[in-house]
Amino acid sequence: CPKKEKDRFTRMCHDCVVENKPPDDAGGWIECDGQGGFRVRTPTPKGDGTRDDIWIKVQIGCGINACRELHETRHMRQFGLACPDICKGKPEGGYVNFKAAGCVKDAECFAYQTDLSCLYKLQEQYDKEDKFVEGVSCKKSVDYVIKAKLPRWDFYECQKRGFGPAPQPPRKEPTPGK
């Protein structure tokens, strides 16, 4: 864990809460594991063939879900620093979050750094060779998710909070002769 992140979550963000369920639009979340610890959860396909179900399958098959799991794992480490005992005595499935808006914003800024870095690697991979899951282009899906996530950098005020501009894709070296 980077020093800035460790300092933030061990010194200032101790106001955690366990709620009954995550927001309806949550793409991933941290919950109590029923044994006093935390676990990462992401939506799973229901097999009902709905548009949402197919989108979940596409995200899993294209690797987008793996990036989301890295994002959520970062949150799990943050909760471990900030409120390591919040799940002790809590039943399985309690949704964990920070109460203070500033802590939520910092947590998301750190996690989006991880998430976007992962997504940019996928983007580079699918720029070279696309893959299709459920008839859907992974390249287009990854591009769509990146475009949806970048405005969150501003929403959480990451640049104002000292995180700098939103992460960008790695610079591509020009190919000789092109």
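Residues numbered from 1 in each chain as written. Predicted model: local features only at pLDDT ≥ 70, side-chain atom pairs only at ≥ 80, totals over all residues. Heavy atoms only, no water.

Undergrad: Would you take a moment to explain the state of the cysteines for this structure?
TA: Two cysteines, two sulfur atoms, one covalent bond between them: this is a disulfide. The tally for this structure, following the rule as stated, stands at six disulfides. Shown here is the disulfide that connects Cys16 with Cys83, its sulfur atoms set 2.0 Å apart. Between Cys16 and Cys83, the disulfide has an S-S torsion of -85 degrees and is therefore left-handed. Placement of Cys16 in strand β1 (residues 16–19) and of Cys83 in the loop between α3 (64–82) and β4 (95–98) is noted, with a sequence separation of 67 residues between them. The exposure classification of Cys16 matches that of Cys83, with both residues buried. With its sulfur 2.0 Å from that of its partner, Cys109 forms a disulfide with Cys158. Here Cys109 and Cys158 share a disulfide; its torsion about the S-S bond, -95 degrees, makes the bridge left-handed. (Disulfide = S-S within 2.5 Å. Helix = DSSP H or I, 4+ residues; strand = E, 2+ residues; numbered from the N terminus. Buried < 20%, exposed > 50% of the residue type's maximum accessible area, 1.4 Å probe, protein only.)

Undergrad: It is not clear to me how the packing of helix α4 (residues 101–128) against helix α5 (residues 138–155) should be interpreted in this structure. Could you clarify?
TA: Packed helices, taken two at a time, are described by the angle their axes make and the gap between the axes. Put simply, α4 and α5 touch, their axes get as near as 9 Å, and they point 155 degrees apart. Comparing the axis directions of α4 and α5 gives the class roughly antiparallel. In this structure, α4 crosses over α5, and the sense of that crossing is left-handed. Of α5, the residues touching α4 (which contributes Cys109, Tyr112, Gln113, Asp115, Leu116, Leu119, Tyr120, Leu122, Gln123, Tyr126 and Asp127) are Cys138, Lys139, Val142, Asp143, Val145, Ile146, Lys149, Leu150, Arg152 and Trp153. Of the residues contributing to the contact of α4 with α5, the split by class is 13 nonpolar, two polar and six charged. (Axes fitted to C-alpha atoms, helices over the stretch in contact; angles between N-to-C directions. Parallel < 35°, antiparallel > 145°, perpendicular 65-115°, else oblique. Left-handed = near helix turned anticlockwise from the far one by under 90°. Contact = heavy atoms within 4.5 Å. Nonpolar A, V, L, I, M, F, W, Y, C, P; charged D, E, K, R; others polar.)

Undergrad: When you look at the environment of Leu116 in this model, what are you seeing that I'm missing?
TA: Along the polypeptide, Leu116 turns up in helix α4. Judged by relative accessible area, which is 1%, Leu116 ranks as buried. The spacing of Leu116 and Lys149 is 33 residues in sequence and 7.9 Å in space, taken between C-alpha atoms. Sequence-distant contacts of Leu116, defined by excluding residues within four places in its chain, comprise Ile146, Lys149, Leu150 and Pro167.

Undergrad: Got a minute to help me understand the environment of Asp52 in this structure?
TA: Within the secondary structure, Asp52 is located in helix α2 (residues 51–62). Since its relative accessible area comes to 58%, Asp52 is described here as exposed. Residues Asp52 and Val136, 84 residues apart in the sequence, show an inter-C-alpha distance of 13 Å.

Undergrad: So what exactly am I meant to see when it comes to the pattern of salt bridges here?
TA: Pairing of side chains with opposite charge becomes possible as their charged atoms draw close. In total, this model carries twelve salt bridges according to the counting rule given. Residues Arg41 and Glu31 are paired through a salt bridge, measuring 2.9 Å at the closest nitrogen-oxygen approach. Placement of the pair is Arg41 in strand β3 (residues 38–41) and Glu31 in strand β2 (residues 29–32), with a sequence separation of ten residues. For Lys149, the salt bridge is made with Asp115, and the minimal N-O distance between the two is 2.8 Å. On the criterion of sequence distance, the pair formed by Lys149 in helix α5 and Asp115 in helix α4 is long-range, its members being 34 residues apart. (Salt bridge = Lys/Arg side-chain N within 4 Å of Asp/Glu carboxyl O.)

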